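Descriptive structure summary
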Amino acid sequence: MNYTEGQKVTIKSSEWYNESKAQNGFIVFKDGNKICTFSPGMEKFCGNTFTVAKVVTGSSIYPDHYTFVEDGGSYKWCDEMIEGAADAGTQTYTPQAATEAPKPQTKPAAPAPKPAEAPKPQPKPAEQPKPAPKPVEQPKPAPKPVEQPKPAPKPAEQPKPAAPQPKTVSVEKEPEPVRPEPEATEEIDAFEDYTILLTPRKGAPLQNCAVQAYKILAANKVFPSVRFDFNGFEFDIRRKGQEA
C-alpha cells in the first residue's frame, strides 16, 4: 500500500476512466480471486482530492484498499485508482465542488516514499491436539429392590365357642277361666229347609257363630247336610227331615 491514514491523495482523471472502462462502464482490478471495481458512479470523483480514513489489508474478499473520509467510507479505493499524493493544503472533495467546472489537472507531486513494510505476522503456533473425549459413562444398574420380609403366617383361627343357647324357661300360663258351656246346643233356623246346630268352643261368642252360619247358607241355598269346625264353633247343618 502506497499511502497512510490521514494522507491526502488525488483520484485519476476522467480521461483515464474513459480510456480504461469496459463496455459496461466498470474498471475491474483483480488480485487472485479478490476483485475491486471502479464503477460508473465513481466517475464524479475523478480529479478530486480525498483524505485517507483507513488502510484495509488482509480482507478475505477484497484486495488491499483504502476508505476515504469525504465519501463516508462508502467506496473501496485501491492504488490503481489514485494518481498520487496531494499537498497537505489541497482542498478535498465536497459535493458543492463536484458541481463546479472541473479544475485543470496539476502535475501530481512525486509519490511519497513507501512506508516500511510492517513485520509479517508470526505463524500461529501449531494447535495442540484436543484431548480425546471422555468415554460416556454407562448408566449404573439400578439397585435391586430390598426384599420385604414376608409377613408371618396368621395363626389359625380358633373355633369360636358356641354361643350359649338361652335357656328356655317354661312359664306356665295361667289357666283361662272356664266358661260354662251351654247346657244344650242351640238350634237356629236360618232357612225353612235347614236346621243349624252350633257348639261354641272356648272363647268364641255365639253371636259370631250364628252370623257365619247364615253367610254359608246364603251362598248356597241347596247346601247339603254337613258337619265341620269354623271360627271356633262346631257346625252341624242338617236339611230338615234328615235329622239323626
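One structure accompanies this document, and this report is about it. Just so you know, these numbers come straight off a predicted model, no measurement behind them. (Residues numbered from 1 in each chain as written. Predicted model: local features only at pLDDT ≥ 70, side-chain atom pairs only at ≥ 80, totals over all residues. Heavy atoms only, no water.)

**Let's talk about the overall build of the chain**
- On a plain count of helices and strands, the chain comes out with 3 helices and 10 strands.
- Element order for the chain, N to C, with α for helix and β for strand: β-α-β-β-β-β-β-α-β-β-α-β-β.
- Residues counted as buried form 23% of the 244 residues belonging to the chain. (Helix = DSSP H or I, 4+ residues; strand = E, 2+ residues; numbered from the N terminus. Buried < 20%, exposed > 50% of the residue type's maximum accessible area, 1.4 Å probe, protein only.)

**Comments concerning the packing of aromatic side chains**
- Within the structure shown, the criterion is met by 13 aromatic pairs.
- Ring geometry for Phe-45 against Phe-50: centres 5.5 Å apart, planes inclined by 85°, an arrangement best described as edge-to-face. The residues Phe-45 and Phe-50 share a single accessibility class, namely buried.
- Judged by centre distance (5.1 Å) and plane angle (20°), the rings of Phe-50 and Phe-68 are stacked. Of the two residues, Phe-50 sits in strand 4 (residues 49–56) while Phe-68 sits in strand 5 (residues 65–68), which places them 18 residues apart along the sequence.
- Here Lys-76 stacks its cationic end above the ring of Tyr-62, 4.5 Å away from the centre of that ring. (Phe/Tyr/Trp six-rings, centres within 6.5 Å; stacked < 30°, edge-to-face > 60°. Lys NZ or Arg CZ within 6 Å of the ring centre and 35° of its normal.)

**Concerning the side chain of Lys-12**
- Topologically, Lys-12 is positioned in the loop between strand 1 (8–11) and helix 1 (14–20).
- No salt bridge is formed by the buried Lys-12; its nearest oppositely charged neighbour, Glu-83, is found at 5.7 Å.
- One polar contact links the side chain of Lys-12 to the main-chain carbonyl oxygen of Glu-80, over a distance of 2.9 Å.
- If near-sequence neighbours (up to four positions away) are discounted, Lys-12 is found in contact with Cys-46, Gly-47, Glu-80, Met-81, Ile-82 and Glu-83. (Lys, Arg positive; Asp, Glu negative; His and termini not counted. Salt bridge = Lys/Arg side-chain N within 4 Å of Asp/Glu carboxyl O. Polar contact = N/O pair within 3.5 Å; in protein donor to acceptor, adjacent residues only side chain to side chain. Contact = heavy atoms within 4.5 Å.)

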